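Overview (structure and organization)
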Amino acid sequence: MDIIKIAEAFDFKGDVLSAKEFGSGHINSTFIADCGENKYVIQRINDNVFKDVDGLMNNVFSVTDYLKNIIGKSGGDSERETLNFIRTKDGKKYFSTPDGFFRAYLFVKNSVCFDSADTPELFKKSGAAFGRFQKMLGDFPAETLTETIPHFHDTYYRFENEFLPALEKADSKIKEECKSEIEFIKSRSDRMKKITSLIEKGEIPLRVTHNDTKLNNVLFDEKTGESLAVIDLDTVMPGSALYDFGDSIRFGASSAAEDEADLTKVNFSLEYFKVYTEGFLSEAGDILTKAEKENLAFSAILMTLECGMRFLTDYLNGNVYFKVDYPEHNLIRAKNQLKLVSDMEKSLSKTKEIVNEI
Ligand code: ADP
Ligand code: GN1
Ligand code: MG
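As a starting point, this report considers the structure included with it. (Residues numbered from 1 in each chain as written. Chains lettered and ligands numbered in written order. Predicted model: local features only at pLDDT ≥ 70, side-chain atom pairs only at ≥ 80, totals over all residues. Heavy atoms only, no water.)

**With respect to the sheet that holds strand 10 (residues 227–230)**
Taken together, the three strands give an open sheet; going across it, the order is 7-9-10, and neighbouring strands pair in antiparallel fashion. Bordering the open sheet on either side are strand 7 (111–112) and strand 10, each of which pairs with just one other strand. (Pairing = 2+ DSSP bridges. Helix = DSSP H or I, 4+ residues; strand = E, 2+ residues; numbered from the N terminus.)

Next up, the structure:
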């Protein structure tokens, strides 16, 4: 795959001088193309994960157009505060090649992403960024969006249709190896329908949500340290604000990385839970309903359990979904997430109290 050739298919300003791989996500492959004055991000869309590339690209173009309009009206800089996708020279939203599907957008200069929050202030800012993102998309017509990954945060669906079938097919040696994790997940299947059934009953609203709210999906200004933009928009689709809140806590309120193998280092931080909640509610507090607020603390447990179950499912399936650096990577990630679930369960009365106080 010649990434320079791919870069040259896009309507960039200036000649492509170089292009190199970049980023640490588990799904897409990211490259930076240098065109002198301007730099661009190029991504190969993982079409094993995103089956409907056309629908996906229509989503991200329409969401970012919508955001650019809001940012512009409020006097912001729409070239830095959201993604600016660039079409191909022949006007297409992405470039199809035998090596896969590629899309491109402006690289935001002097920006930085963080894989962990060294300070509570940083994590609080990410909460405000995701809360603001939620608020800005409050009136976006949800029915125009394609569901890029159906049942993405339907935890019980994933349990029944992905985890149990993977278990069924796995050989007995692997099942023995993961026995305690399998039991841990199975014994919690009763609570997996909680958020989806609140949506079905109309007790909490379906909104346009991000659905992959890891800290490293917020771009910060390198000079001011302030948040700039929410990125990685492939999973923006109808969902619950609880998914966004819970997934951020899962990733950012842990004392260790998602794949830390030494579980004594993996602890849930109440301090980080508190500051994130403050940040998130400072922006989205006015639009969230009472029922949503009452379930914020629980959502962190559910999103962490779901992610642990997804990692374990992928391990049982032979690592076909998430990128891995070594064969047990997904098992380590699963154990790590389930340790966090235990911690969060023990802290549930405290996290509820924190939400109430805020
Ligand atoms: P992934 O699916 O790999 O998580 P992301 O869209 O989150 O892909 O991008 C990966 C990384 O690339 C980000 O964490 C960030 O460091 C960098 N990045 C992405 N978009 C931009 C941008 N517009 N400007 C600067 N850096 C970016
Ligand atoms: C994946 O692409 P990335 O790394 O931001 C995954 C998320 C998981 C996350 C776990 C489309 O996100 O759902 O929570 O890994 N994205 C998709 O780190 O499955
Ligand atoms: Mg990302």
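**Comments concerning the coordination of the magnesium ion (ligand 3)**
The expected angle between donors at a tetrahedral four-coordinate metal is 109.5 degrees. At an octahedral six-coordinate metal it is 90 or 180 degrees. The magnesium ion (ligand 3) binds to the protein through N217 (OD1) and D232 (OD); the donor distances cover 2.1 to 2.2 Å. Linking N217 in the loop between strand 8 (207–209) and strand 9 (218–221) with D232 in the loop between strand 10 and strand 11 (237–239), this pair joins segments that are 15 residues apart in sequence. A relative accessible area of 3% places N217 in the buried class. (Donors = N, O, S within 2.8 Å, 3.2 Å for Na, K, Ca; no water. Buried < 20%, exposed > 50% of the residue type's maximum accessible area, 1.4 Å probe, protein only.)

**Observations regarding the site of ligand 1**
Neighbouring ligand 1 are 18 residues, the closest being Q43, L106, V108, N217 and D232. One nitrogen or oxygen atom from the main chain of L106 is found 3.0 Å from a nitrogen atom belonging to ligand 1. Contacts to ligand 1 include N217, whose side-chain N or O atom sits 3.0 Å from an oxygen atom. In isolation ligand 1 offers 550 Å² of accessible surface; the protein chains occlude 92% of this area. When residues of the shell around ligand 1 are traced back to their parent elements, those giving at least two are strand 3 (38–45) and strand 6 (100–106). The residue inventory of the shell around ligand 1, partitioned by class, reads 10 nonpolar, seven polar and one charged. (Near = heavy atom within 4 Å. Polar contact = N/O pair within 3.5 Å; in protein donor to acceptor, adjacent residues only side chain to side chain. Areas by Shrake-Rupley, 256 points an atom, 1.4 Å probe, with all protein chains shown as cover. Nonpolar A, V, L, I, M, F, W, Y, C, P; charged D, E, K, R; others polar.)

**Quick look at the nonpolar core**
The biggest cluster of nonpolar side chains holds 99 residues, and the ones touching the most others in it are F163, I185, I249 and L312. Per-element accounting of this core gives the leading share, 14 residues, to helix 12 (residues 296–316). Not counting residues within four places of it along the chain, the set of residues in contact with L312 comprises F163, C178, E181, I182, I185, N330, L331 and A334. Counting 16 residues, the second largest nonpolar core, distinct from the first, contains I3, I6, F31 and I86. (Core = buried A, V, L, I, M, F, W, Y, C linked by side-chain atoms within 4.5 Å. Contact = heavy atoms within 4.5 Å.)

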